[in-house]
Amino acid sequence: MATANDRAILQTIFNPSTPFGDIPGLDEEEEDVQEEEETFAPELLEQVRDLELQGVSAAESGDVSTALERFNEAIRLLPGRASGYNNRAQALRLKGDVAGALRDLDTAIRLARGCGRAACQSFVQRGLIRRLQARDEDARRDFQRAARLGSAFARQQLVLLNPYSALCNQMLCEMLGRLRNPNSAGSD
């Protein structure tokens, strides 16, 4: 089984927009693993985890079709496990199937009952998609839920979505720019 450091590296590679070290629910992972082991047959769970790791590796190498095959197989074997849907959503998004990715993220959140690592990751990913779709209020709700589950990245996104914060950041950047280049301050 992969170590916490291995998972952190895979998370960073597979989701490059997630800051390193912000592995949603990593502290809760032991609790998630215990719950999964109580819910699913251990042999089947191990097989599904291996398929998901193969899928992540395939996606990292640019082979999205193989990644989708592995995630589909993992979901076929354990359709009640949220992680498979979250992972497949990422591959679908890479393929350009945003609607399919959103369906899988909704399913992952529902299966995880809005709790734990898979739900946190799903809220973040769904929030990012909604932000790209200019659905800022929906994105804000997803980031709020992910932030409550421990995602520092979601908290950063909430700051960026706050219009007062954005205005303060803009004013601060302008002021710092003037301090760095005092000669250009009068040309505005």
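Structure first, text after, so check above.
Numbering of residues begins from 1 in every chain and follows the order in which that chain's sequence is written. In keeping with the predicted nature of the model, local features appear solely for residues at pLDDT of at least 70, side-chain atom pairs appear and are counted solely at 80 or more, and the whole-chain, interface and lining totals rest on all residues. Excluding hydrogens and water, the side-chain values take into account all heavy atoms of the structure.

Visitor: Run through the overall build of the protein, naming residues and quoting values.
Guide: Strands are runs of DSSP state E lasting at least 2 residues, helices are runs of H or I lasting at least 4, and numbering of each runs from the N terminus. Within the protein one finds ten helices and zero strands. When the helices and strands of the protein are read in sequence order from the N terminus, they spell out α-α-α-α-α-α-α-α-α-α. For each residue, the accessible area found with a 1.4 Å probe, counting protein chains only, is set against the maximum for its type, and the residue is called buried under 20%, exposed over 50%, and partly exposed in between. For the protein, with 188 residues in total, the buried portion stands at 43%. In what follows, residue pairs with any heavy atoms lying within 4.5 Å of each other are defined as contacts. Summarising the internal contacts of the protein: among those between residues at least 6 apart in sequence, 53% fall at separations of at least 24. Surface exposure here means Shrake-Rupley accessible area, sampled with a 1.4 Å probe, where a residue is shielded only by the protein chains that are shown. Summed over all atoms, the accessible surface of the protein reaches about 10500 Å², with 53% contributed by carbon and sulfur.

Visitor: An account of the nonpolar core is needed here, citing residue identities and associated values.
Guide: Nonpolar core, defined: a set of buried Ala, Val, Leu, Ile, Met, Phe, Trp, Tyr and Cys residues in which side-chain atoms within 4.5 Å join the residues together. Residues F123, V124, F143, A146 and A154 are the most contacted members of the largest nonpolar core, which totals 20 residues. Elements that contribute at least two residues to this core include exactly α5 (82-95), α6 (98-111), α7 (116-132), α8 (136-148) and α9 (152-161). Of the residues forming this core, the biggest block, six residues, is contributed by α7. In this view, F123 contacts I109, G114, D142, R145, A146 and L149; residues no more than four positions away in its chain are not counted. With 14 residues, the next largest nonpolar core counts V56, A91, L102 and I129 among its residues.

Visitor: Explain the pattern of salt bridges to me, using residue names and the numbers behind them.
Guide: A side chain with one charge can pair with a side chain of the opposite charge if their charged atoms come near. Any Lys or Arg side-chain nitrogen located within 4 Å of an Asp or Glu carboxyl oxygen qualifies as a salt bridge. For the structure shown, the criterion picks out ten salt bridges. With a closest N to O distance of 2.6 Å, E73 and R76 form a salt bridge. Taken as a pair, E73 and R76 lie in helix α4 (residues 64-77) at a separation of three residues, close to a single helical turn. Exposure remark for E73: the relative accessible area of 27% places this residue in the partly exposed category.

Visitor: Outline α4, supporting the account with residue identities and numerical values.
Guide: Given the number of residues in a helix, its expected span is that number minus one, multiplied by 1.5 Å. If you check α4, its first and last C-alpha atoms are 20 Å apart, about what 14 residues at 1.5 Å a residue would give, namely 20 Å. Considering only its buried residues, α4 is in contact with α3 (42-60) and α5.

Visitor: Got a sec to walk through the packing of α5 against α6? Specific residues and values, please.
Guide: Axis definition: a line fitted to C-alpha atoms, limited for helices to the stretch in contact. Angles are taken between N-to-C directions and run from 0 to 180 degrees. Interhelical geometry of α5 versus α6 gives an angle of 165° and a closest axis separation of 8 Å. With respect to their mutual orientation, α5 and α6 come out roughly antiparallel. Once α5 is placed against α6, the crossing between them reads as left-handed. Where α5 approaches α6, its residues A82, Y85, N86, R88, A89, Q90, L92 and R93 are matched on the opposing element by G100, A101, D104, L105, T107, A108 and L111. Of the residues that constitute the contact of α5 with α6, the class distribution is eight nonpolar, four polar and three charged. By the definition adopted for this analysis, an angle is roughly parallel if under 35 degrees, roughly antiparallel if over 145, roughly perpendicular if from 65 to 115, and oblique otherwise. Each crossing gets its handedness from the near helix: less than a right angle anticlockwise from the far helix is left-handed, clockwise is right-handed. Nonpolar residues are Ala, Val, Leu, Ile, Met, Phe, Trp, Tyr, Cys and Pro. Charged residues are Asp, Glu, Lys and Arg, and all others, Gly as well, are polar.

Visitor: Kindly report on the side chain of R130, identifying the contributing residues and their values.
Guide: Along the chain, R130 falls in helix α7. Polar contacts, as used here, are pairs of N or O atoms within 3.5 Å; protein pairs need one atom able to donate a hydrogen and one able to accept it. Residues neighboring in sequence count only if both atoms are side-chain atoms. Only 2.9 Å separates the side chain of R130 from the side chain of D142, close enough to count as a polar contact. The contact partners of R130, leaving out residues within four places of it in the chain, are R135, D138, A139 and D142.

Visitor: Mind laying out the packing of α4 against α5, listing which residues take part and the relevant values?
Guide: The contact between α4 and α5 brings their axes to 9 Å, and the two run at 155°. Here α4 lies roughly antiparallel to α5, going by the angle between them. Where α4 crosses over α5, the handedness of that crossing is left-handed. Seen from α4, the contacting residues are V64, A67, L68, F71, N72 and I75; seen from α5, they are G84, Y85, N87, R88, A91, L92, L94 and K95. By residue class, the composition of the contact of α4 with α5 is nine nonpolar, three polar and two charged.

Visitor: Outline unusual backbone geometry, supporting the account with residue identities and numerical values.
Guide: Phi at R113 is positive, roughly 55°, even though this residue is not glycine. With respect to the helices, strands and loops of the structure, R113 is situated in the loop between α6 and α7. On the accessibility criterion, R113 (59% relative accessible area) is exposed. Positive phi is not limited to glycine here, since A134 has a value of about 60°. Counting through the fold element by element, A134 comes out in the loop between α7 and α8.

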